[in-house]
Amino acid sequence: RRGHVYVISNIGSFGENVYKVGMTRRLDPMDRVKELGDASVPFQFDVHAIIASEDAPGLENELHKQFEHARVNKVNYRKEYFSLSLAEIRQVVERHSGSDIRWTMRAEAEEYRESLSIAKAREVAQPA
């Protein structure tokens, strides 16, 4: 049951304050994050936290229960996206796993932000 629970976002694909809270038993949890950011979404995911756990499925299940009110897809429970603040996620995670987790509170969203910048530059360059 040992594994990792991850908190990731993709603001270019899903907007602000939408986070995926998932679980993997892979030795390198980033392999799963990279897999999720393949060709099915236009931008890479940003990682906000990766939590090592002796009972990753149990932790993931408990977090999903806590975030039920914010579930994006209320029909397909395999879609583990939640619309709430990262601060709220952090508070709940730390209540269940302790506070020694490294958090990244701001989504870098590098590809998304660069794409916006390129689009804006092209708009300015085109004559009216």
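As the structure is a computational prediction, the values presented were derived from the model and not from experiment.

Caption draft 1: Seen up close, the packing of helix α3 (residues 56-66) against helix α4 (residues 86-97). Running from amino to carboxyl end, α3 crosses α4 at an angle of 140°, the nearest separation of the two axes being 11 Å. Classed by the angle they form, the pair α3 and α4 counts as oblique. Of the two possible hands of crossing, α3 and α4 adopt the one that is right-handed. Seen from α3, the contacting residues are Leu59, Glu62, Leu63 and Gln66; seen from α4, they are Val92, Val93, Arg95, His96 and Ser97. Of the residues assigned to the contact of α3 with α4, the class counts are four nonpolar, three polar and two charged.

Caption draft 2: Here's a closer look at the sheet that holds strand β2 (residues 18-24). Overall, antiparallel pairing links the four strands, which are arranged β3-β1-β2-β4 in an open sheet. Edge positions in the sheet fall to β3 (46-53) and β4 (81-83), since each of these pairs with one other strand and no more. Sheet twist, expressed as the average angle between the axes of neighbouring strands with direction ignored, equals 20°. Alignment of strand β1 (residues 3-9) against β2, held across six bridges, turns out to be antiparallel. Paired with Val7 across the bridge in β2 is Val21. Its contacts with the sheet place helix α2 (residues 29-36) against β1, β2 and β3, and it is angled at close to 35° to β1. Contacts between α4 and the sheet are confined to β1, β2 and β3, with β3 contributing the most and set at about 10° to the helix.

Caption draft 3: Structural view of the pattern of salt bridges. Scanning all chains against the criterion turns up seven salt bridges. With a closest N to O distance of 2.8 Å, Asp55 and Arg1 form a salt bridge. With Asp55 in the loop between β3 and α3 and Arg1 in the segment before β1, this pair connects stretches of sequence that are 54 residues apart. Given the relative accessible area of 32%, Asp55 is considered partly exposed. A salt bridge links Arg90 to Glu94; its shortest N-O distance comes to 3.0 Å. Here Arg90 pairs with Glu94, and both are found in helix α4, just four residues apart, close to one helical turn. You can call Glu94 partly exposed: its relative accessible area is 22%. Each member of the salt-bridge network shares a partner with another, and the members are Arg26, Arg32 and Glu35.

Cut-off values and rules
Residues numbered from 1 in each chain as written. Predicted model: local features only at pLDDT ≥ 70, side-chain atom pairs only at ≥ 80, totals over all residues. Heavy atoms only, no water. Axes fitted to C-alpha atoms, helices over the stretch in contact; angles between N-to-C directions. Helix = DSSP H or I, 4+ residues; strand = E, 2+ residues; numbered from the N terminus. Parallel < 35°, antiparallel > 145°, perpendicular 65-115°, else oblique. Left-handed = near helix turned anticlockwise from the far one by under 90°. Contact = heavy atoms within 4.5 Å. Nonpolar A, V, L, I, M, F, W, Y, C, P; charged D, E, K, R; others polar. Pairing = 2+ DSSP bridges. Salt bridge = Lys/Arg side-chain N within 4 Å of Asp/Glu carboxyl O. Buried < 20%, exposed > 50% of the residue type's maximum accessible area, 1.4 Å probe, protein only.

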